[in-house]
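For reference, the chains in residue letters:
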Amino acid sequence: MFWQRYVFLCLLAGLQSFAVTIGPVANLNIANAKVTPDGFMKTAVLAGGTLPGPIITGQKGDTFKINVTNNLNNGTMLMGTTVHWHGIFQRHSNQMDGTAFVTQCPIAPGHSFLYEFNARDQVGTYWYHSHYGAQYCDGLRGPLIIYDHDDPYRFLYDIDDESTIITLMDWYHLPSTQVQRMVIPDSVLINGVGRYEGGPDMPQAVIDVQPRKRYRFRLLNMACKNNFIFSIDNHKLTIIEVDGQYVEPLVVDSIQIHAAQRYSFILETNQPVDSYWLHADPDSGTNSTAVLRYAGSPPVEPKNNTAPSLVALNETNLHPLNSPPLRLLREDGANVKLNMVLAKNGTSSNFLVNGVQYTSPSVPVLLQLLSGAITASDLAPSGSVYTLPRNSVIEISFNPDDAPGGPHPFHLHGHTFAVIRSAGSSEYNYVNPVMRDTVNTGLMGDNVTIRFMTDNPGPWLLHCHNEFHLVSGMGVVFAEDPQHVAAAQPLSNSSKQLCPIYDSLPQQYLPLPPPITMTTTMVN
């Protein structure tokens with residue numbers, strides 16, 4: 001019976017790693033289902049019935065219309081839902097950002113919501129995920145790719161399609177509402193499959209390539225907390241895109257990719273016909289591998305040819321292909337400077353930003369702004385909302401000295417930003433800093449500094465993309481140009497209906513798990 005169960009699990013894993021592509025107009029059903037991506041059966045929250053969810057694609061300038069239907073019914077997990085389109089600016093469509101209690105109330109079970117937005121000139125590698133509690137840790141996440149018919153690097157590669165998308169995820173055997181805040185993940189999934197310690201030898205993800213071709217791979221870290229060191233044995237990686245922004249080509253042999261970050265790299269299949277290990281080594285937990293298999297090589301495990309990284313990615317070596325606005329880079333050009341002091345409450349073990357724990361308000365910040373509340377003192381959650389003036393250069397610095405569990409990857413909704421000072425560096429770059437939407441804020445002694453322009457009215461969340469840190473307090477909301485929010489985006493009727501429907505339902509009480517104890521296996 002054991003071998004029959006094992007074969008069944010293998011078949012399931014193979015089905016889960018199959019790439020499904022939809023969009024830019026599509027229906028997306030959110031439902032509970034049992035999955036076994038690493039050999040352990042768990043009830044998950046799936047988008048479109050797959051883990052990860054289907055690849056949503058479009059072309060530059062497309063209008064996306066994704067009708068999300070909530071069919072969740074498992075009360076041990078969150079039953080409301082939202083979908084956030086990570087990295088999409090949502091200009092004049094803040095209500096489509098999908099951020100629970102910032103831009104909308106959750107979609108109630110049995111109801112649908114149409115996310116309709118135009119990404120305008122944005123192209124590149126993005127992703128989507130639930131932005132309600134830590135729900136995406138239960139499975140609701142997938143790639144969002146916007147192809148560019150004017151790609152300046154099109155002549156450098158031959159193949160760029162669903163087969164060249166690589167997703168990395170941490171995976172937990174407990175529902176996200178029960179996961180201890182500093183626990184080690186049970187496994188790491190590459191393209192939806194992996195192995196856990198002591199579990200069955202599940203089949204690994206295989207990426208098939210043809211010899212003597214040039215591939216544009218799109219690497220996405222869709223983890224809840226982990227960062228990974230990514231590499232492919234015997235192959236160089238030429239980075240050309242970072243978080244949806246073209247960069248000058250940079251050749252490396254390994255990439256440290258933090259939660260929510262994305263990279264496109266070109267790989268030339270110029271090695272002898274064979275199979276090669278692809279590595280995703282997490283900062284905590286068990287290393288994961290997949291197989292890069294050249295056509296013509298036998299279906300066997302690769303030989304162990306792993307060598308130490310000699311040219312690891314350093315963020316300070318990334319430079320934009322197109323220069324950011326000069327105003328953004330003047331050394332003395334910041335109109336507003338904010339220092340974000342990250343810390344932890346010693347009693348509750350919840351996280352703080354500038355001494356305040358972020359908790360979701362009962363009324364979304366967008367609705368508060370549209371009701372006439374435009375000053376920080378009038379907006380909830382108290383102490384976690386910062387109003388920002390329009391058409392200004394905002395400089396944010398991060399002090400992580402008193403915030404264990406780092407490095408903390410911070411994401412800003414509605415914008416990209418210039419990384420003026422990177423983690424591990426004491427230098428400030430006012431000439432050609434990389435532009436991105438998620439940054440590693442470093443460790444003790446770092447002072448990572450970013451700049452962005454307030455050219456997009458609305459409430460935008462700035463938060464740690466370790467989801468367990470966000471739900472326990474590590475975030476703030478920027479109410480950008482609050483006086484002009486109503487004029488920038490009239491609220492649609494469907495958006496207006498979300499909160500009355502959600503508020504009419506019995507509320508779930510799923511408190512945060514208690515802090516992990518010193519007797520439990522943990523990482524800070």
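Residues numbered from 1 in each chain as written. Predicted model: local features only at pLDDT ≥ 70, side-chain atom pairs only at ≥ 80, totals over all residues. Heavy atoms only, no water.

Brief notes about the sheet that holds strand β9 (residues 141–147)
Within a sheet, adjacent strands bond to each other through the backbone by hydrogen bonds, running parallel or antiparallel. For clarity, the threshold we go by: Two strands pair if DSSP finds at least two bridges between them. For helices the rule is a DSSP run of H or I covering at least 4 residues; for strands it is a run of E covering at least 2, with both sets numbered from the N terminus onward.
Taken in spatial order, the 5 strands of this open sheet run β1-β4-β9-β8-β6, and their pairing is mixed. This sheet does not close on itself; its edge strands, each paired only once, are β1 (21–22) and β6 (84–86). Direction of pairing for β1 relative to strand β4 (residues 55–59): parallel, over a ladder of 2 bridges. Following the sheet pairing, T21 is matched in β4 by I55.

Describing the state of the cysteines
Let me state the cut-off plainly: A pair of sulfur atoms, both from cysteines and within 2.5 Å, is called a disulfide here. Burial classes: relative accessible area under 20% of the type maximum marks a residue as buried, over 50% as exposed, and values in between as partly exposed (1.4 Å probe, protein chains only).
Under the definition given, this model contains 2 disulfides. One disulfide bridge connects C105 with C499, the sulfur atoms lying 2.0 Å from each other. Across the disulfide from C105 to C499, rotation about the S-S bond amounts to roughly 90°, and the bridge is consequently right-handed. Of this pair, C105 sits in the loop between β6 and β7 (112–118) while C499 sits in helix α6 (residues 493–503); the two residues are 394 residues apart in sequence, bridging distant segments of the chain. Pair check on accessibility: C105 and C499 agree, each one buried. Two residues share a disulfide in this structure: C137 and C224, whose sulfurs sit 2.1 Å from each other. On the sign convention where negative is left-handed, the bridge of C137 and C224, at about -135° about the S-S bond, is left-handed.

Thoughts on α6
Rules: The arc in question is traced by the directions running from the helix axis to the C-beta atoms. The contact criterion used throughout is that any non-hydrogen atoms of two residues lie within 4.5 Å.
Of all the positions in α6, only S495, L498, C499 and Y502 are classed as buried. Down the axis, α6 shows its buried residues gathered within 80° of arc, on one side only. Opposite its buried face, α6 presents the exposed residues N493 and P500, each directed more than 90 degrees away. Among the structural elements, β7 and α3 (365–370) are those in contact with the buried residues of α6.

Considerations on empty space enclosed by the protein
To keep it simple, the criterion reads: Cavities and pockets were defined on a 1 Å grid built from protein atoms only: a cavity is a group of points that admits a 1.4 Å probe but offers it no way out, a pocket is an open group of points flanked by protein on both sides within 12 Å along at least five of seven lines, and a lining residue is one with an atom within 4 Å of any such point. Grid points are joined across faces, edges and corners, and a volume is the space filled by probe spheres set on the points.
Scanning the entire structure with this criterion turns up 1 cavity of 30 Å³ or more. T103, Q104, C105, P364, L366, L367, L491, S495, L498 and C499 together form the lining of the largest cavity. Every element with two or more residues in the lining of the largest cavity is listed here: α3 and α6. Ranked by residues supplied to the lining of the largest cavity, first place goes to α6 with 3 residues.

Considering the sheet that holds strand β23 (residues 385–388)
Filter applied, for reference: Between the N-to-C directions of two axes lies an angle of 0 to 180 degrees, each axis being a line fitted to C-alpha atoms and, for a helix, fitted only over the stretch in contact.
Spatially, 5 strands are ordered β23-β31-β30-β25-β28 in an open sheet, and the strand pairing comes out mixed. The sheet is open, and its two edges are formed by β23 and β28 (438–440), each paired on a single side. Averaged over all adjacent pairs, the angle separating strand axes in this sheet is 20°, with direction ignored. Across 6 bridges, the pairing between strand β30 (residues 458–464) and strand β31 (residues 475–480) is antiparallel. Looking at β31, one finds that L461 is bridged to V477.

Side note on the packing of aromatic side chains
The test is simple: Centres within 6.5 Å make a pair out of two Phe, Tyr or Trp rings, where for Trp the six-membered ring is used; the pair is then stacked when the planes are under 30 degrees apart, edge-to-face when over 60, and tilted otherwise.
According to the stated counting rule, one finds 19 aromatic pairs in the structure shown. Ring centres of F40 and Y196 lie 6.2 Å apart, and the angle between their planes is 90°; on these two criteria the pair is classed as edge-to-face. Within this pair, whereas F40 is found in the loop between β2 (25–35) and β3 (42–47), its partner Y196 is found in the loop between β11 (187–190) and β12 (206–209), the two being separated by 156 residues in sequence. Judged by relative accessible area, Y196 falls into the partly exposed class, the value being 22%. Here the aromatic rings of Y386 and F478 are separated by 6.2 Å at their centres, their planes lie at 80°, and the arrangement is edge-to-face. On the criterion of sequence distance, the pair formed by Y386 in strand β23 and F478 in strand β31 is long-range, its members being 92 residues apart. Per residue, the accessibility class of Y386 equals that of F478, and both read buried. Among the aromatic side chains, those forming a connected cluster through ring pairs are F64, W85, F113, Y115, F117 and Y128.

Some words on the side chain of N94
As a reminder of what qualifies: Identification of polar contacts relies on pairs of N or O atoms within 3.5 Å, with a donor-acceptor requirement for protein atoms, meaning one able to donate a hydrogen and the other able to accept it, and with residues adjacent in sequence counted only if both atoms are side-chain atoms.
Its place among the elements puts N94 in the loop between β6 and β7. Of the polar contacts made by the side chain of N94, one reaches the backbone oxygen of P459; its length is 3.0 Å. With near-sequence residues (within four places) excluded, N94 lies in contact with T103, L366, G458, P459, W460 and Q489.

Things to note about the layout of surface pockets
Worth spelling out the cut-off: Amino acid classes used here: Ala, Val, Leu, Ile, Met, Phe, Trp, Tyr, Cys and Pro are nonpolar; Asp, Glu, Lys and Arg are charged; the rest, including Gly, are polar.
A volume near 990 Å³ is recorded for the largest pocket. In this structure, the largest pocket is lined by 36 residues; those nearest its centre are L78, Y132, G133, S360 and L510. Within the residue set of the lining of the largest pocket, elements represented by two or more residues are α4 (467–470) and α6. Class assignment for the residues of the lining of the largest pocket results in 23 nonpolar, 12 polar and 1 charged. Taken together, 32 residues make up the lining of the second largest pocket; nearest its centre are F89, G244, Q245, T416 and M435. Breaking the lining of the second largest pocket down by element, the ones donating at least two residues are β16 (245–252) and β29 (449–453). Among the elements that line the lining of the second largest pocket, the one with the most residues is β16, at 3 residues. When its residues are assigned to classes, the lining of the second largest pocket shows 16 nonpolar, 10 polar and 6 charged.

Concerning the pairing of strand β18 (residues 262–268)
Where burial is concerned, most of β18 is hidden: 6 out of the 7 residues are buried. Judged from the 4 bridges that link them, strand β15 (residues 237–242) and β18 form a sheet pairing that is antiparallel. For E241, the partnering residue across the bridge sits in β18 and is S264.

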